[in-house]
Amino acid sequence: MDSNDNGGFLWGLLGCCIPVVGLILFLVWKDQKPKTAKAAGIGALVSVILGVVSYIIIFVIIGASALAFGV
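Residues numbered from 1 in each chain as written. Predicted model: local features only at pLDDT ≥ 70, side-chain atom pairs only at ≥ 80, totals over all residues. Heavy atoms only, no water.

Engineer: Whenever I open this one, the environment of Gly22 confuses me. Can you help?
Structural biologist: Along the chain, Gly22 turns up in helix H2 (residues 19-29). In sequence terms Gly22 and Trp11 are 11 residues apart; their C-alpha atoms lie 7.8 Å from each other. In this structure Gly22 touches Gly15, Ala40, Gly41 and Ala44, once residues within four positions along its chain are discounted. (Helix = DSSP H or I, 4+ residues; strand = E, 2+ residues; numbered from the N terminus. Contact = heavy atoms within 4.5 Å.)

Engineer: What is the right way to look at the side chain of Thr36 in this model?
Structural biologist: Its location among the elements puts Thr36 in helix H3 (residues 34-69). Thr36 gets classed as buried once you look at its relative accessible area, which sits at 2%. Looking at Thr36, its side chain comes within polar contact range of the main-chain nitrogen of Gly7, at 3.4 Å. Residues contacting Thr36, with those up to four places away along its chain left out, are Asn4, Asp5, Asn6, Gly7, Trp11 and Trp29. (Buried < 20%, exposed > 50% of the residue type's maximum accessible area, 1.4 Å probe, protein only. Polar contact = N/O pair within 3.5 Å; in protein donor to acceptor, adjacent residues only side chain to side chain.)

Engineer: Is there a simple way to explain the packing of H2 against H3 in this structure?
Structural biologist: Packed helix pairs are specified by the crossing angle of their axes together with the interaxial distance, meaning the distance between the axes. Between H2 and H3, the least distance of the axes is 8 Å, while the angle of their chain directions is 150 degrees. Our classification of the angle between H2 and H3 gives roughly antiparallel. You can see that H2 and H3 cross each other, and the crossing is left-handed. Where H2 approaches H3, its residues Pro19, Gly22, Leu23, Leu25, Phe26 and Trp29 are matched on the opposing element by Pro34, Thr36, Ala37, Lys38, Ala40, Gly41, Ala44, Ser47 and Val48. Taken together, the residues of the contact of H2 with H3 break down into 10 nonpolar, four polar and one charged. (Axes fitted to C-alpha atoms, helices over the stretch in contact; angles between N-to-C directions. Parallel < 35°, antiparallel > 145°, perpendicular 65-115°, else oblique. Left-handed = near helix turned anticlockwise from the far one by under 90°. Nonpolar A, V, L, I, M, F, W, Y, C, P; charged D, E, K, R; others polar.)

Any link to function would need more than the numbers given here.
As structure tokens, this is what we get:
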């Protein structure tokens, strides 16, 4: 186990800002640096979940406004 494997917040933030990088880092580091890989993977997962939830909310708002205005 590597002594630099502290699962830093910045790796999770990088995974959240750029989910593809977070996924790649997770896959590359899952055996060598499991804590850091987990942080990057969770960041990527959070970003994807927030994106899906925001799209659902946007479509609900657009659908509700379309119904309200009779479009």
